[in-house]
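For reference, the chains in residue letters:
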Amino acid sequence: MAVPILKQGNYLIASIQAALTDADLFELRNALVTQVGRFRSRGVVVDVTALDVMDSFAARTLRDIAQMTRLRGAETVIVGIQPEVAFAMVQLGLTLEEVATALDLEEGLAYLRDRSKRTGPAIGSHGG
Amino acid sequence: MADEVLMDVSSDADIVTARQKGRELAGRAGFSVTDLTLIATAISELARNIVLYAKHGAIAVSLAEHGHRRGIVIVAHDEGPGIPDVSQALQDGFSTSGGLGLGLRGTRRLMDEFDIVSEVGKGTTVTVKKWLR
């Protein structure tokens, strides 16, 4: 597994360490969707701080992760998009509008905690 | 130091290698981190188009000079199926591969110059340039 996934309480934290191939991204997606069920997780943080490129495929896979985990009852938040990566994404037209984002891991976890307080048990909640 | 890198592109691992090597060369040319990110992202999109549509191709990244301007040229070439309607392929939202439809159109926005030559049954060559500011 190219991306380690840590379980912290009700949340899963996936920290991307290096550039990922398409196969690595698919593996991450499948692992997260599976582990959300295994650990009954309410939230997922994907930390992309180490990514120096976010192309259309990576962005689409992150969007898929967010949508698939939401269907499994867990909210996903993407954290750590670097300033120049954000610039390139906007130029490319990848706005990830339907996916929650936060500045860093700390903010991401705060977002998830906040959200579960507001919505209670994640039954049919749909927002972000 | 070579002023050009030529890379075979036929797998998703090659996409990562291509953008890393391209970024390295562009870094030597003196581009800012922001521009390097745009260049690496463009290479990634071009390489993915090759793997997706043609299965196999090549990307050449080289330093360029034009008058007083210096920059980088990326040529992505394949002998795949070609694009029947290039102007349609460059339109907003158009995609035949289930992607976000941003490949070519997005790449054009990342770079300063964009040129595409495609012939059905023969292949596609995309040439993009970015100049140092």
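So, how was this worked out
Counting restarts for each chain, with residues numbered from 1 along the sequence as it is written. To label them, take the chains in the order written and letter them from A, then take the ligands in the order written and number them from 1. Side-chain atom pairs in this predicted model are given and counted only at pLDDT of 80 or more, local residue features only at pLDDT of at least 70, and totals for whole chains, interfaces and linings cover all residues. With hydrogens and water excluded, all non-hydrogen atoms of the structure serve as input to the side-chain values. For two strands to be treated as a pair, DSSP must find no fewer than two bridges joining them. Secondary structure elements are defined from DSSP: runs of H or I of at least 4 residues count as helices, runs of E of at least 2 residues count as strands, and each element is numbered from the N terminus. Here an angle of 0 to 180 degrees is reported between the N-to-C directions of two axes, which are lines fitted to C-alpha atoms, with helices fitted over the stretch in contact. Between two residues, a contact is recorded if the distance between any of their heavy atoms is within 4.5 Å. The nonpolar core is taken to be a set of buried Ala, Val, Leu, Ile, Met, Phe, Trp, Tyr and Cys residues, with the residues joined through side-chain atoms within 4.5 Å. Exposure is judged per residue with a 1.4 Å probe applied to protein chains only, and the accessible area is read against the type maximum: over 50% gives exposed, under 20% gives buried, and values in between give partly exposed. By definition, the buried area sums, over both parts, the 1.4 Å-probe accessible area that each loses when the two are put together. The rule for a salt bridge is simple: a side-chain nitrogen of Lys or Arg has to be within 4 Å of a carboxyl oxygen of Asp or Glu. For the purposes of these results, a polar contact is taken to be a pair of N or O atoms within 3.5 Å, where, inside protein, one atom must be able to donate a hydrogen and its partner to accept one; residues adjacent in sequence count only when each atom of the pair is a side-chain atom. For this scheme, ten residues count as nonpolar: Ala, Val, Leu, Ile, Met, Phe, Trp, Tyr, Cys and Pro. Four count as charged, namely Asp, Glu, Lys and Arg, and the remainder, Gly too, count as polar.

**Some words on the sheet that holds strand β3 (residues 43-47) of chain A**
Residues and elements named next belong to chain A.
At step 1: Across the sheet, 5 strands lie side by side as β1-β2-β3-β4-β5; this open sheet has mixed pairing. The sheet terminates laterally at β1 (5-8) and β5 (100-102), the two strands that pair on one side only. Adjacent strand axes in the sheet meet at a mean angle of 25° when their direction is disregarded.
At step 2: Where helix α1 (residues 22-38) meets the sheet, it contacts β1, β2 (11-15) and β3, and its direction lies at approximately 165° from that of β2.

**Overview of unusual backbone geometry**
At step 1: Notably, Arg40 of chain A is not glycine yet its phi reads approximately 50°, a positive angle.
At step 2: Following the sequence through the fold, Arg40 of chain A ends up in the loop between α1 and β3.
At step 3: Even without being a glycine, Lys55 of chain B presents a positive backbone phi close to 70°.
At step 4: Within the element layout of this structure, Lys55 of chain B appears in the loop between α2 (33-54) and β2 (57-66).

**So, the sheet that holds strand β4 (residues 113-119) of chain B**
All names here are of chain B.
At step 1: Spatially, the 5 strands line up as an open sheet ordered β1-β2-β3-β5-β4, and their pairing is antiparallel. The sheet is open, and its two borders are formed by β1 (4-9) and β4, each paired with just one other strand. Pairs of neighbouring strands in the sheet enclose a mean axial angle of 15°, with direction left out of account.
At step 2: Pairing geometry for strand β3 (residues 69-78) and strand β5 (residues 123-131), over 8 bridges, is antiparallel. When the bridges of β5 are listed, His77 appears paired with Thr125.
At step 3: Sitting on the sheet, helix α1 (residues 12-29) touches β1, β2 and β3, and the angle it makes with β1 is about 170°.
At step 4: This element, α2, spans β1, β2, β3 and β5 of the sheet and lies at about 15° to β3.

**Considering the nonpolar core**
At step 1: Of all hydrophobic cores here, the largest spans 62 residues; its most connected members are Leu28, Leu32 and Val46 of chain A together with Ile59 and Ile74 of chain B.
At step 2: The dominant element in this core, judged by the number of residues it contributes, is α2 of chain B, at 9 residues.
At step 3: Among all residues touching Val46 of chain A, those that are not within four sequence positions of it are Ala14, Ile16, Leu28, Leu32, Leu62, Thr76, Val77, Ile78 and Val79 of chain A.
At step 4: Residues Val45, Val79, Ala100 and Leu112 of chain A belong to the second largest nonpolar core, which totals 9 residues.

**What about the interface of chain A and chain B?**
At step 1: On the side of chain B, 24 residues touch chain A, which itself brings 21 residues to the contact.
At step 2: Interface of chain A and chain B: buried area, both sides summed, is about 1,900 Å²; carbon and sulfur atoms make up 59% of it.
At step 3: Linking chain A to chain B there are 4 salt bridges.
At step 4: Taken together, the links from chain A to chain B amount to 9 residue pairs in polar contact (both at pLDDT 80 or more).
At step 5: Breaking the side of chain A that touches chain B down by element, the ones donating at least two residues are α1, α2 (56-71) and α3 (83-92) of chain A.
At step 6: For the side of chain A that touches chain B, the class distribution of residues is 11 nonpolar, 4 polar and 6 charged.

**Thoughts on the pairing of β1 of chain A**
Residues and elements named next belong to chain A.
At step 1: Where β1 and β2 come together, 4 bridges link them in antiparallel fashion. Residue Ile5 lies in a different strand from β2, and its bridge partner there is Ala14.
At step 2: Where β1 hands over to β2, the hairpin turn is made up of 2 residues, of which Gly9 adopts a positive phi near 60°.

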